[in-house]
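The primary structure of each chain is shown beneath.
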Amino acid sequence: MGGPALARAVREQWPLTRVLFMTGYAEAGAVGPEGMTASVAEALRKPFTPSDLVRAVREMIEAPRDH
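Here the structure is a predicted model, which means the values were calculated and not measured.

A. Structural detail: the pattern of salt bridges. On inspection of all chains with the given rule, the structure shows one salt bridge. Notably, a salt bridge pairs aspartate 52 with arginine 55, separated by 2.5 Å at the nearest N-O pair. Linking aspartate 52 with arginine 55, this pair stays in helix H2 (residues 50–62), spanning three residues, or about one helical turn.

B. Representation of unusual backbone geometry within the structure. Between lysine 46 and proline 47 the backbone carries a cis peptide bond, its omega angle lying at -10 degrees. When you line up the elements, proline 47 lands in the loop between strand S2 (42–45) and H2.

What counts, and where the lines are drawn
- Residues numbered from 1 in each chain as written.
- Predicted model: local features only at pLDDT ≥ 70, side-chain atom pairs only at ≥ 80, totals over all residues.
- Heavy atoms only, no water.
- Salt bridge = Lys/Arg side-chain N within 4 Å of Asp/Glu carboxyl O.
- Helix = DSSP H or I, 4+ residues; strand = E, 2+ residues; numbered from the N terminus.

What follows is the structure, given as structure tokens:
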């Protein structure tokens, strides 16, 4: 199972779970060949620094939850 399929399966079971992808794919708004929009998951583009990772995780934690 690829990352986007796993994220969809997790979100079906636990809709409020936040997903952060780390991807080398350059296409904006998609993660990997299957594609996944930012409404389902956020993507941190490679290469990234430890500070970038901390910032992305903090933003996900502090963002309002979807209901």
